[in-house]
Amino acid sequence: MKKAKVAVNGYGTVGKRVADAVSLQDDMELIGIGKTRLDFQAQIASNKGYKIYLSETEQKKKSNETSLEVSGGLGEMINEADIVVDCTPDGIGEKNKPLYEKAGIKAIWQGGEDHEIADFSFNAFANYDEALGREFTRVVSCNTTGLTRVLYLLDKAFEVEKARVTLIRRAADPNDIKTGPINAIVPDIEMPSHHGPDVQTILPHINIATVALKVPTTLMHVHAVNLKLNNKCSVNDIIDVLNNSSRMRLINGKSGIKSTAQIFELGRDLGRPRNDMWENNIWKDSISIYDDEAYFFQAIHQECVTVPENIDAIRAMMKIETDGEKSIKKTNKSLGI
Ligand code: NAD
């Protein structure tokens, strides 16, 4: 089998996880990672055997300051690869697009870029088929991935007439010392928030409105979901649908998982790399029907939830696997979901 040659440009929170996930796939080969600095993360990547490429201007300056081996510049990495996963900070991906176009290479961007960068936004459950053979794809953000997965499943089973969601967003990632708040709750004053329209880039028929607040935590986002469903169903019917799908983990307040802190601890106890909880974590005992509407809470581990979707997007764009369900299964197995 010919392996897809994958480059990961930007080796931060998402990029390092995508690089590790790519290196676990038997149908993909990690060509290397694009870095701007030869810092401790570059050292760890090098220890793992990942080839490091630096942006051209930085390369000359920095390769003299460290013993780390640099395999070349960004252009050289791109020339080696079939597809690049751009995991650079919001807005940088857009600047990189002409480079990828010039090299004639396929590219995946993350949710910090606008939908228009690829004119196609991806979720493995909802539109794998539409990604087959594509040149460009955007894997939607952590919040949108978590919402799209669960809305897709419940819409298929019971038809979502309307979705109303409150997003309680983590202020920063654990390694981030620049962002806040550290002692405030910050409502997203623009109502409804941009998250609903982002879901509609994948599920345009869903009537969804979202509001969002940022709170001083780094662990996870929490969504309070309220759904009006067209087809009558019970709490157990909803539980059955979620139980029968992968990337959904039903957690239980009664068993001691009362907050994102315990979900994080669960990740550690499961021995997950970096405690990553790739699934939607849905509180089973929060699933309720009241006045004919469904309610539940879900927690989304922002650092990693999009990683399986990046792997599926590579497989679809490279047409290594044309069946979305098979790709999802393969990705899940490789990661240990
Ligand atoms: P990050 O800041 O943790 O990592 C970005 C990395 O890219 C850093 O190591 C930075 O040094 C490097 N970089 C900066 N400029 C570069 C350049 N020109 N070339 C190569 N590398 C460069 O960012 P992140 O959180 O991993 O976010 C990456 C993308 O993923 C963004 O679009 C973001 O919106 C999206 N995303 C982030 C999260 C999250 O919670 N962190 C979740 C889902 C999606």
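All values reported here derive from a predicted model rather than from experimental measurement.

Conventions and cut-offs
Residues numbered from 1 in each chain as written. Predicted model: local features only at pLDDT ≥ 70, side-chain atom pairs only at ≥ 80, totals over all residues. Heavy atoms only, no water. Helix = DSSP H or I, 4+ residues; strand = E, 2+ residues; numbered from the N terminus. Rg over C-alpha atoms; globule rule 2.2 N^0.38 Å. Contact = heavy atoms within 4.5 Å. Lys, Arg positive; Asp, Glu negative; His and termini not counted. Charge placed at Lys NZ, Arg CZ, Asp CG, Glu CD. Salt bridge = Lys/Arg side-chain N within 4 Å of Asp/Glu carboxyl O. Buried < 20%, exposed > 50% of the residue type's maximum accessible area, 1.4 Å probe, protein only. Domains from an automatic or database assignment. Buried area = accessible area lost by both parts, 1.4 Å probe. Polar contact = N/O pair within 3.5 Å; in protein donor to acceptor, adjacent residues only side chain to side chain.

Draft legend 1. Spotlight on the overall build of the chain. The helix and strand inventory of the chain stands at 12 helices and 16 strands. Here the C-alpha radius of gyration of the chain, 20 Å, is about what a compact globule of 337 residues would show, namely 20 Å. Each principal axis of the C-alpha atoms in the chain carries an extent, and together these give about 65 × 45 × 40 Å. Contacts in the chain between residues at least 24 apart in sequence constitute 71% of all its contacts with a sequence separation of at least 6. In the chain, the 42 positive side-chain charges and the 47 negative ones have mean positions that sit 3 Å from each other.

Draft legend 2. View of the pattern of salt bridges. Counting across every chain of the model gives 19 salt bridges. Between Glu303 and Arg17 there is a salt bridge, with the nearest N and O atoms lying 3.6 Å from each other. With Glu303 in the loop between strand S16 (293-300) and helix H11 (307-317) and Arg17 in helix H1 (residues 13-23), this residue pair connects regions lying 286 residues apart in the sequence. Residue classification places Arg17 among the buried residues on the basis of a relative accessible area of 6%. The network of salt bridges with shared partners includes Asp27, Arg149, Arg247, Glu309, Asp312 and Arg315.

Draft legend 3. Focus on unusual backbone geometry. The omega torsion across Gly180 and Pro181 is 10°, close enough to zero to call that bond cis. Within the element layout of this structure, Pro181 appears in the loop between strand S9 (160-170) and strand S10 (186-187). That bond from Met191 to Pro192 is cis: its omega, -15°, falls within 30 degrees of zero. Relative to the helices and strands, Pro192 resides in the loop between S10 and helix H8 (195-200). The residue Asp119 is not glycine, and still its phi comes out positive at about 55°. Relative to the assigned elements, Asp119 resides in the loop between strand S6 (106-109) and strand S7 (121-122).

Draft legend 4. Region of interest: the domain arrangement of the chain. Segmentation of the chain into domains returns domain 1 (4-140 + 306-335) and domain 2 (142-300). Spacing between the C-alpha centres of domain 1 and domain 2 amounts to 26 Å. On the side of domain 2, 20 residues touch domain 1, which itself brings 25 residues to the contact. Across the domain 1 to domain 2 interface the summed buried area is about 1,800 Å²; carbon plus sulfur atoms make up 53%. When the area that domain 1 buries against domain 2 is broken down by residue, the three leading residues are Arg17, Phe125 and Val140, summing to 33%. Its salt-bridge partner being Asp276, residue Arg17 comes within 2.9 Å of it at the nearest N-O pair. At the boundary of domain 1 and domain 2, one finds 9 residue pairs in polar contact (both at pLDDT 80 or more). At the level of elements, H1, S7, helix H6 (124-131), H11 and helix H12 (324-335) are the ones that each hand at least two residues to the side of domain 1 that touches domain 2.

Draft legend 5. Broad picture of the side chain of Ser245. As for its placement among the helices and strands, Ser245 is situated in the loop between helix H9 (235-243) and strand S13 (248-251). A relative accessible area of 14% places Ser245 in the buried class. Discounting residues that sit within four places of it in the chain, Ser245 has contacts with Phe125 and Leu153.

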